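Survey of secondary and tertiary structure
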Amino acid sequence: MAKASKTSTTKGKAAPARAKAKPAVSNEDPNFALRSLQDALDKKKRYTASEEQLLHFYKQMLLIRRFEEKAGQLYGLGLIGGFCHLYIGQEAVAIGLQSALDSDVDSVITGYRDHGHMLAYGIDPNVIMAELTGRAAGISQGKGGSMHMFSTEHKFYGGHGIVGAQVSLGGGLAFAHQYNEDGGLCLAYFGDGAANQGQVYETMNMAALWKLPIVFVVENNQYAMGTAVSRSSAETEFYRRGTAFRIPGMKVNGMDVLEVRQAAEIAFKYVREGNGPVLMECNTYRYRGHSMSDPAKYRTREEVQGQREKNDPIERLKKELGSAGYDEDKLKEIDKGIRATVADAADFAESSPEPEPGELYTDVLVEEY
Ligand SMILES: Cc1ncc(C[n+]2csc(CCOP(=O)(O)OP(=O)(O)O)c2C)c(N)n1
Ligand SMILES: [Mg+2]
């Protein structure tokens, strides 16, 4: 960690003799720590993935995309009740970050747009889809649905419907990692809208004060329901919002899985070394409405089309795989396999039984986990 510069002026003290010109980045600079991670990312923007990793990222992002498309269809058929928020367009964020986690120790928490984060963990699509359709085989026994998926086995702590609540709960998870000295970190995702919640900043203060192992991730998908960030946020550069708590920020292209993964490498190392939290903003875009019931009239078709055509995270990786020798046929074969996995998940979800009525009275209170 950087120490305060000896030459910095404080109130009441005489200004020091003219200091020598400072180098652009210096350990003597009190603000060095706030910029150091961004500087590291700017030096090397993208992760150097092996061919095997590239393929893995591609398959996982495509799985999320196809899964979400199917969920949208099942919702339209009336097989999914309640709210349903799709993650289409944002796939590179969850895959880039979670592929760098240590799944034995690290924990993840997010809001209600949570299907992709569960898939990124390698959780069986069957049990996620069964949860969406409210079946007993679902990951929350069919009692949570789209917004309340949970798996302590995988250290996935939800799935939360209260905007911003997951951030303070994430602070608690990070405190548990520190207290138990298990070496893990917490990845706490939240949206650009949630970033305006007061509890987010209370958590940042405590996390910085106690040097908790937490990475705050703003998934800036440009909208909170129908409100564009420029209409809701005085500071739209969300990565800067930790500055008041001396939390280093990182601005990341959330449409490029390799940039997200590179940012994850830098941030996780910093946090694991005991330096305290990082605030990462991943700029991304949601292609669908806020939830299945939103026709998204607050933006133009052209805007969405532009993102799909010029900025799509899956297409970007497809091109890289093309240069690595994967031709159209091979890639189509992969897509076919993934579509089949998702179709199986939908069949499983539709044919599984609903929970027994008596299940209404179980899992109400958690005694221990
Ligand atoms: C405390 C609270 N206030 C308001 C809502 C209603 N609400 C649900 S989602 C949402 C928008 C959140 O947007 P953002 O954080 O950007 O996440 P995104 O949906 O874009 O992923 C709002 C206001 C809520 N669920 N909880
Ligand atoms: Mg948003």
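Figured I'd write up the structure that's included with this text. (Residues numbered from 1 in each chain as written. Chains lettered and ligands numbered in written order. Predicted model: local features only at pLDDT ≥ 70, side-chain atom pairs only at ≥ 80, totals over all residues.)

1. Points about the nonpolar core
One recurring pattern in soluble globular proteins is that nonpolar side chains are buried together. Ranked by size, the top nonpolar core spans 87 residues in total, and within it Leu187, Ala188, Val215, Val217, Ala267, Val278 and Met280 carry the most contacts. With ten residues, helix α9 (residues 257-272) is the largest single contributor of residues to this core. Non-local contacts of Met280, meaning those with residues more than four positions away in its chain, are made with Val215, Phe216, Val217, Tyr239, Met250, Val252, Ala263 and Ala267. (Core = buried A, V, L, I, M, F, W, Y, C linked by C-beta atoms within 7 Å. Buried ≥ 20, exposed ≤ 12 C-beta atoms within 10 Å, placed from the backbone. Helix = DSSP H or I, 4+ residues; strand = E, 2+ residues; numbered from the N terminus. Contact = placed C-beta atoms within 7 Å.)

2. Brief notes about the environment of Lys330
Within the fold, Lys330 resides in helix α12 (residues 328-351). We classify Lys330 as exposed; it has 12 C-beta atoms within 10 Å. Residues Lys330 and Asp102, spaced 228 residues apart in sequence, show a C-alpha to C-alpha distance of 30 Å.

3. Some details on the site of ligand 1
In the vicinity of ligand 1 there are 13 residues, among which Val163, Gly191, Gly193, Ala194 and Ala224 approach most closely. Taken together, the residues of the shell around ligand 1 sort by class into six nonpolar, five polar and two charged. (Near = placed C-beta within 6 Å. Nonpolar A, V, L, I, M, F, W, Y, C, P; charged D, E, K, R; others polar.)

4. Details of α9
If you check α9, its first and last C-alpha atoms are 22 Å apart, about what 16 residues at 1.5 Å a residue would give, namely 22 Å. Trailing α9 by a residue or two, Gly274 shows a phi angle of about 90°, which is positive. (Expected span 1.5 Å × (residues − 1).)

5. Things to note about the packing of helix α2 (residues 51-76) against helix α3 (residues 91-98)
Two elements in contact, α2 and α3, have axes separated by 9 Å at closest approach and are oriented at 140°. The angle between α2 and α3 places the two elements in the oblique class. Of the two elements, α2 crosses α3, and the hand of that crossing is right-handed. On the side of α2, the interface is formed by Phe57, Gln60, Met61, Ile64 and Arg65, while α3 contributes Glu91, Ala92 and Ile95. Taken together, the residues of the contact of α2 with α3 break down into five nonpolar, one polar and two charged. (Axes fitted to C-alpha atoms, helices over the stretch in contact; angles between N-to-C directions. Parallel < 35°, antiparallel > 145°, perpendicular 65-115°, else oblique. Left-handed = near helix turned anticlockwise from the far one by under 90°.)

6. Section: the sheet that holds strand β2 (residues 186-191)
Spatially, the five strands line up as an open sheet ordered β1-β2-β3-β7-β6, and their pairing is parallel. Edge positions in the sheet fall to β1 (107-109) and β6 (249-253), since each has one partner strand and no second. For this sheet the average axis-to-axis angle between neighbouring strands, irrespective of direction, equals 20°. The pairing of β6 with strand β7 (residues 278-283) spans five bridges and is classified as parallel. In the sheet register, Lys251 faces β7, and the bridge partner there is Glu281. With respect to the sheet, helix α6 (residues 165-180) is in contact with β1, β2 and β3 (214-220), its orientation differing from that of β2 by roughly 175°. (Pairing = 2+ DSSP bridges.)

7. Considerations on the packing of α3 against α9
Where α3 meets α9, the axes come as close as 8 Å, and the angle between the chain directions of the two elements is 40°. As α3 runs across α9, the sense of the crossing is right-handed. Here Ala92, Val93, Ile95, Gly96 and Leu97 of α3 come into contact with α9, specifically with Val257, Val260, Arg261 and Ala264. Grouping the constituent residues of the contact of α3 with α9 by class yields seven nonpolar, one polar and one charged.

8. Regarding the pairing of β2
Counted residue by residue, β2 has six buried out of six residues, so it is predominantly covered. Burial of β2 is two-sided: the residues Cys186, Ala188 and Phe190 facing one way and the residues Leu187, Tyr189 and Gly191 facing the other way are all buried. Sheet topology note: the β2/β3 ladder contains six bridges and is parallel. Note on β3: the bridge partner recorded for Ala188 is Phe216. Taking the sense of rotation as the criterion, the β-α-β connection linking β2, helix α7 (residues 198-209) and β3 turns out right-handed. (Right-handed = clockwise from strand over helix to strand, strands pointing away.)

9. Structural notes on unusual backbone geometry
With an omega of 25°, the peptide bond between Gly158 and Gly159 qualifies as cis. Phi at Lys155 takes a positive value of approximately 60°, unusual for a residue other than glycine. Structurally, Lys155 is set in the loop between α5 (125-132) and α6. At Arg246, a residue that is not glycine, the phi angle is positive and equals roughly 60°. Its location among the elements puts Arg246 in the loop between α8 (229-232) and β6.

By themselves these figures say nothing about function.
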